[in-house]
Amino acid sequence: MAVRIIVDSTADYSAAEIEKRQIACIPMTIAFGEEQYTDGVDLSKEEFFEKLIGSDVFPKTSQPSPAAFEEYFKEAKEAGDSVIAILISGALSGTIQSASLAKELTEYENIFIVDSKSATLGIRMLADRAVRMRDQGAGAEEIVAELEALKPRIRIYAGLDTLEYLQKGGRLSKTEAVIGKLANIKPIIKVSEDGEVVMHGKQRGVKQVCKQLGKILEEEAPDENYPVYFVYAYDKKNCISFIQSLQKKGMDFGEVKTRGIGPTIGTHIGPGAFGIVYVR
């Protein structure tokens, strides 16, 4: 009995990375008004942000349908394989609900749905761990137990370069956004242990955000057994400044791994956002 691993497109894997890991990816849908796109299929990260910046229409992201999962689940059932679906936080999307309904329709117990309580590279942390264990011969239940233990140790922090998209998405009033822009306020957000995106603080300017994130890393030293990812939304400039500020403080995380954030999270944080993902 083989173990199949599924993620959704918010894990921000490239097609080559998915193929290398021998996993499956269920894509989200992004709509700019009447125009609909499939995340990572007919809309790249770069194309998404270009549309986001250039369009007057605020995009909407939609979870995959139960049918999208059911196809994979039925195939696994027929082959007698187990499935581990590692998906975006249930607090951020209804993707978990779609997968759970598909499991019921498939009527197959060897499907394990893992609420990552995370997003973007946090999902990747879990999926990569699952892939390693699968390749070492671990069974589905053993892998899921490991993922559940790892979940609360994953940290995601990000600094936002603009308040515009928080305001467009209804998370800030127009007045708050205008005042924040005038004061050069840069919010710091994090993914909570409940899997929600919450405000962690505010700073004036990118330099101060870099300092604050550096302090967090000093207090919460990353586990060296796991990679540290630096993330950015479209424009790498702030992410590079952040990495350089850490290096000046003598903080070394080995090979620098930078990854771009995709549409599902990018919709709300906008271009120029940057941050870090690690295991505490």
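Everything numeric here is computed off the predicted structure, so don't read it as measured data.

(A) Local environment of the overall build of the protein. A tally of helices and strands in the protein yields 11 helices and 13 strands. In terms of overall dimensions, the protein is globule-like: its C-alpha atoms have a radius of gyration of 19 Å, near the 19 Å expected for 280 residues. Dimensions of the protein along its principal axes, counting C-alpha atoms only, are 60 × 45 × 30 Å. Every one of the 280 residues in the protein was classed for burial, and the buried ones make up 50%. Taking all contacts inside the protein whose residues are at least 6 apart in sequence as the whole, residues at least 24 apart take part in 75%.

(B) Fine view of the packing of helix 9 (residues 206-219) against helix 10 (residues 237-248). With their axes 10 Å apart at the nearest point, helix 9 and helix 10 run at an angle of 50° to one another. When the interaxial angle is binned, helix 9 and helix 10 end up oblique. The two elements helix 9 and helix 10 cross, and the hand of that crossing is right-handed. Every residue of helix 10 that contacts helix 9 at Val206, Cys210, Leu213, Gly214 and Leu217 is listed here: Asn238, Ser241, Phe242, Ser245 and Leu246. Its residues assigned to classes, the contact of helix 9 with helix 10 shows 6 nonpolar, 4 polar and no charged.

(C) Looking closely at the sheet that holds strand 6 (residues 82-87). The strand order 2-1-6-7 describes an open sheet built from 4 strands, whose pairing is parallel. The open sheet has two edge strands with one neighbour each: strand 2 (24-26) and strand 7 (111-115). Each strand of the sheet is rotated relative to its neighbour by a mean of 25°, with strand direction disregarded. As paired elements, strand 6 and strand 7 share 5 bridges and run parallel to each other. Pairing of Val83 across the sheet is with Ile111, part of strand 7. Where helix 3 (residues 66-79) meets the sheet, its contacts fall on strand 1 (3-8), strand 2, strand 6 and strand 7, and the angle it forms with strand 1 comes to roughly 175°.

(D) Structural context of helix 3. Taking 1.5 Å as the rise per residue, helix 3 with 14 residues should run 20 Å; its terminal C-alpha atoms sit 20 Å apart, in good agreement. Within helix 3, the full set of buried residues consists of Phe69, Glu70, Phe73 and Ala76. Along the long axis of helix 3, the arc covered by the buried residues comes to 130°, so they all point the same way. Turned more than 90 degrees away from the buried face of helix 3, the exposed residues are Glu71 and Glu78. As for helix 3, its buried residues are in contact with strand 1, strand 2, strand 6, helix 4 (95-106) and strand 7. Phi for Gly80, located one or two positions after helix 3, is positive at around 75°.

(E) How the structure looks around the pairing of strand 7. With respect to burial, strand 7 is a largely interior element, 4 of its 5 residues being buried. The handedness of the strand 6 to strand 7 crossover, carried by helix 4, is right-handed.

(F) The arrangement of the sheet that holds strand 3 (residues 29-32) in detail. A sheet is described by the order of its strands in space; here 3 strands give the open sequence 4-3-5, paired in antiparallel fashion. Every interior strand has two partners, whereas the edge strands, strand 4 (35-38) and strand 5 (60-62), have only one. Sheet twist, expressed as the average angle between the axes of neighbouring strands with direction ignored, equals 25°. On top of the sheet, helix 2 (residues 45-54) reaches strand 3 and strand 4; it is set at about 25° to strand 3, its chief contact.

(G) Geometry of the nonpolar core. Of all hydrophobic cores here, the largest spans 56 residues; its most connected members are Ile84 and Ile86. Considering each element in turn, this core owes the most residues, 8 residues, to helix 5 (residues 121-135). The contact partners of Ile86, leaving out residues within four places of it in the chain, are Ile5, Ile6, Val7, Asp8, Val114, Ser116, Ile123, Leu126, Ala127, Ala130 and Leu147. Val209, Ile216, Phe230 and Met251 belong to the second largest nonpolar core, which has 19 residues in total.

(H) Structural context of unusual backbone geometry. Positive phi, normally seen in glycine, also occurs at Lys117, with a value near 55°. Within the element layout of this structure, Lys117 appears in the loop between strand 7 and helix 5. For Lys117, a relative accessible area of 33% corresponds to the partly exposed category.

Conventions adopted
- Residues numbered from 1 in each chain as written.
- Predicted model: local features only at pLDDT ≥ 70, side-chain atom pairs only at ≥ 80, totals over all residues.
- Heavy atoms only, no water.
- Helix = DSSP H or I, 4+ residues; strand = E, 2+ residues; numbered from the N terminus.
- Rg over C-alpha atoms; globule rule 2.2 N^0.38 Å.
- Buried < 20%, exposed > 50% of the residue type's maximum accessible area, 1.4 Å probe, protein only.
- Contact = heavy atoms within 4.5 Å.
- Axes fitted to C-alpha atoms, helices over the stretch in contact; angles between N-to-C directions.
- Parallel < 35°, antiparallel > 145°, perpendicular 65-115°, else oblique.
- Left-handed = near helix turned anticlockwise from the far one by under 90°.
- Nonpolar A, V, L, I, M, F, W, Y, C, P; charged D, E, K, R; others polar.
- Pairing = 2+ DSSP bridges.
- Expected span 1.5 Å × (residues − 1).
- Arc of directions from axis to C-beta.
- Right-handed = clockwise from strand over helix to strand, strands pointing away.
- Core = buried A, V, L, I, M, F, W, Y, C linked by side-chain atoms within 4.5 Å.

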